[in-house]
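Residues per chain, in single letters:
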Amino acid sequence: MPSRPRILLSRRWPEQVEALLEEGYEVARNVPDRPMSAADMREALRTVDAFCPTVTDRVDAGVLGASSRKARIIANYGVGFEHIDLAAARRAGIVVTNTPDVLTDCTADLALALILSTARGVVRGDRLVRAGDWAGWSPASIYGNRVSGKALGLVGFGRIARAVARRAVHGFSMRVLVYTPRPPGDEQARSLGVEICASLDELLARSVVVSLHCPVTPETAGIIGRAQLARMRRGAILINTARGALVDENALTEALLSGRLAGAGLDVYAHEPEVPEALRQMDQVVLLPHLGSATVETREAMGMRVKKNLDRFFAGREPPDRVA
Ligand code: DGY
């Protein structure tokens, strides 16, 4: 019997998926379950046939260019792959895959949860009750602003943004505005119930809630900086379930402190797991620990998607989610 390919998981995965992988692969694990260092990743690539990193591992040119490398595929556990240097992977002849589709719904659900909890003061109210400070219902105790029917601006319009748009249009009768460099045609936009903005500035000026849904690329890093925050409507809310590097966190802090923005709902940060102290101090900000895909169903589905890519690759076929 030919020997089973040896694969390394950079973090612990849901148990069921790990067990299924064991059936076809010799599975090595990064036992401390912490982000791997470049030196450890380089060493690993010399001994395994496949490396399965995730968003917490920086797989850069130094890692991918390791001498005497054995690994032929990087099968990422996650849809985003900005932490992997694709150009270096191509130069080194390494295949790279990701896990699209399976986290779309749960990430969109979480974006809606952040919109609602930020606009309606859900977390603030919870804190008040827990602290024993609730004095009972009163007409003047107001915890937020209406969401239904308001203008929601989506920056980027990939799978997750479209899933957010469906929920916002059909669930909350929101007016959904979209800015993306490659907009859908008029007919498609109409059928999705969204309106395309000609520029980011237009979207920022017209939206009461702005939600980010684009990958980090050289073009989008810092796409929401001081100038963009200044163009947002006074009292607007910023939601980010995409990547922290899209936003200038210092500028965001200033916009919140000055009252230009009424709040922010963040699931991602520029330097995870660090979250700026100033943001942690603000009551009008809802802060989550990168939970977009964090449901049992989705985390298992992500693992199964990696397995599918590995199975195809080691059967000598094209993996379905190849990005390099
Ligand atoms: C991804 O898949 O890129 C997420 O950010 C991790 O869940």
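First, a word on what this report is: a plain description of the structure on this page. (Residues numbered from 1 in each chain as written. Predicted model: local features only at pLDDT ≥ 70, side-chain atom pairs only at ≥ 80, totals over all residues. Heavy atoms only, no water.)

1. A short note on the layout of surface pockets
When its volume is computed, the second largest pocket comes out at roughly 220 Å³. Every residue lining the second largest pocket is listed: Gly 125, Leu 128, Val 129, Trp 134, Ala 135, Gly 136, Trp 137, Ser 138, Pro 139, Ser 141 and Tyr 143. When its residues are assigned to classes, the lining of the second largest pocket shows seven nonpolar, four polar and no charged. (1 Å grid on protein atoms, 1.4 Å probe; cavity = no way out; pocket = protein on both sides within 12 Å on 5 of 7 lines; lining within 4 Å. Points joined across faces, edges and corners; volume = space filled by probe spheres on them. Nonpolar A, V, L, I, M, F, W, Y, C, P; charged D, E, K, R; others polar.)

2. Things to note about the sheet that holds strand S7 (residues 175-179)
Judged by pairing direction, the sheet is parallel, and its seven strands sit side by side in the order S8-S7-S6-S9-S10-S11-S12 without closing on themselves. With one partner strand each, in any of the chains shown, strand S8 (194-196) and strand S12 (285-287) form the two edges of the open sheet. Here the average twist between neighbouring strands, direction ignored, is 20 degrees. As paired elements, strand S6 (residues 151-155) and strand S9 (residues 209-212) share four bridges and run parallel to each other. The residue of S9 that forms the bridge with Val 155 is Leu 212. Running over the sheet, helix H5 (residues 104-120) touches S6, S9, strand S10 (236-240), strand S11 (261-266) and S12 and is turned about 150 degrees from S10. Strands S10, S11 and S12 of the sheet are contacted by helix H11 (residues 249-257), whose axis makes an angle of about 140 degrees with S11. (Pairing = 2+ DSSP bridges. Helix = DSSP H or I, 4+ residues; strand = E, 2+ residues; numbered from the N terminus. Axes fitted to C-alpha atoms, helices over the stretch in contact; angles between N-to-C directions. Contact = heavy atoms within 4.5 Å.)

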